[in-house]
Amino acid sequence: MTKTLVLLVDDEELNLEILVEYFDGEEPFVLQTADSGEAAWQLLQNPENDFKLILLDRMMPGLDGIGLLRRMKGDPRLSGIPVIMQTAANSPEQIREGLEAGAYYYLTKPYRRDSLLAIVHAALSDAEARSALSRQLHQHINSLQFLEQAEFAIRTVEEAGQLASFIAHACPNPDAAVMGISELLINGVEHGNLGLAYAEKSRLKQEDRWHEEITRRAALPENAAKEVRLRYDRQADVITLRICDQGSGFPWQNYLEIDPERAFDPNGRGIALARMLSFSSITYEGCGNVAVATIYCDQGKNGEHLT
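Residues numbered from 1 in each chain as written. Predicted model: local features only at pLDDT ≥ 70, side-chain atom pairs only at ≥ 80, totals over all residues. Heavy atoms only, no water.

Caption draft 1: Spotlight on the packing of aromatic side chains. Summed over all chains, the structure comprises seven aromatic pairs. With centroids separated by 5.9 Å and ring planes inclined at 55°, the aromatic side chains of F250 and Y255 adopt a geometry described as tilted. An aromatic cluster of three or more residues is present, and its members are Y198, F250, W252, Y255 and Y284. For K205, the ring lying beneath its charged end belongs to W210, and the centroid distance is 4.8 Å. (Phe/Tyr/Trp six-rings, centres within 6.5 Å; stacked < 30°, edge-to-face > 60°. Lys NZ or Arg CZ within 6 Å of the ring centre and 35° of its normal.)

Set out below in structure tokens:
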């Protein structure tokens, strides 16, 4: 079994001992600990340490959790490691700051062992999905940059990933675009066509049964013919992606920004992160079952339009 190297960072020795105890008996984790932000940074600088996940205390003397997280996001080798921020600083403003600095998940102290492990498994699952998308992305040819118009139809989450990695090569920054395209397509499949509600997904993610339930719903007769359609259109300096599902829509206005109230859920940040990192803009039409995303062809590496 492949070992999963996890870094635990906290300036309180007792907190580190509790975290180590929480992971006791959980395969396939291998733990390293650091009692300060600087000590953690030194461990992260060692290329032999292939950390798959970091549990990071926010409030530490010297280099605190936010500072360490920002350093990591500035290093391409470290920027993709999922970080679970753990802290007693739980005001909406503090949570928003942590999420916007790049934390994938947020846990406020004290928390239960089962809550921690559910978030850990969800974070690792999401990271592996992103890694798989990146591997698929580089299998496609660069000639897609000449694509002007195209239409596609998919049915499954797996097909969403394949199409996202394909279409991303027609965008100016494929690595930035692929995650956002995948997010919108998967939303169309699971929430749109298969009717999976937000709370249901949260529960299934915590129970590690999300993929099983998506597969079950996709096989139901009433869903057999449902499709998510993507239209790609390049006009002058802007690419427009129009993604339409056959669902009843959702209150999309609530998901364009990172909401601190959802910081403790294993899902719910995808659209906001896609808008921030992958696209120049995202809007929705009708009841919310049509997403329209734009990418400026002179955009920067974080999806920002350069002026």
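Back to the text.
Caption draft 2: View of the sheet that holds strand β9 (residues 281–285). Within the open sheet, the five strands sit side by side as β6-β7-β8-β10-β9. Their pairing is antiparallel. In the strand order of this sheet, the two ends are held by β6 (149–154) and β9, each with one partner. Looking at each pair of strands side by side, their axes are set apart by 15° on average, direction ignored. Relative to strand β7 (residues 228–235), β6 runs antiparallel, the two being bridged by six bridges. (Pairing = 2+ DSSP bridges. Helix = DSSP H or I, 4+ residues; strand = E, 2+ residues; numbered from the N terminus. Axes fitted to C-alpha atoms, helices over the stretch in contact; angles between N-to-C directions.)

Caption draft 3: Focus on the side chain of N49. Here N49 is to be found in the loop between α2 (37–45) and β3 (51–57). At 3.3 Å, the side chain of N49 forms a polar contact with the side chain of Q32. If near-sequence neighbours (up to four positions away) are discounted, N49 is found in contact with L5, Q32, L43 and R77. (Polar contact = N/O pair within 3.5 Å; in protein donor to acceptor, adjacent residues only side chain to side chain. Contact = heavy atoms within 4.5 Å.)

Caption draft 4: Region of interest: helix α10 (residues 270–277). Taken together, the buried positions of α10 are G270, I271, A272 and A274. Residues of α10 that are buried sit in contact with α7 (174–193) and β9. (Buried < 20%, exposed > 50% of the residue type's maximum accessible area, 1.4 Å probe, protein only.)

Caption draft 5: Representation of empty space enclosed by the protein within the structure. For the structure on display, the rule yields one cavity of 30 Å³ or more. By volume, the largest cavity amounts to about 40 Å³. What lines the largest cavity is simply R155, V189, N193, L194, A218, N223 and K226. (1 Å grid on protein atoms, 1.4 Å probe; cavity = no way out; pocket = protein on both sides within 12 Å on 5 of 7 lines; lining within 4 Å. Points joined across faces, edges and corners; volume = space filled by probe spheres on them.)

Caption draft 6: Region of interest: the sheet that holds strand β5 (residues 105–108). Read across the sheet, five strands follow the order β2-β1-β3-β4-β5 without closing on themselves; strand pairing throughout is parallel. Two strands bound the open sheet, and with one partner strand each, they are β2 (29–34) and β5. Averaged over all neighbouring strand pairs, the angle between strand axes comes to 20°, with direction disregarded. Relative to β5, strand β4 (residues 83–87) runs parallel, the two being bridged by four bridges. Bridge pairing in β5 links M85 to Y106.

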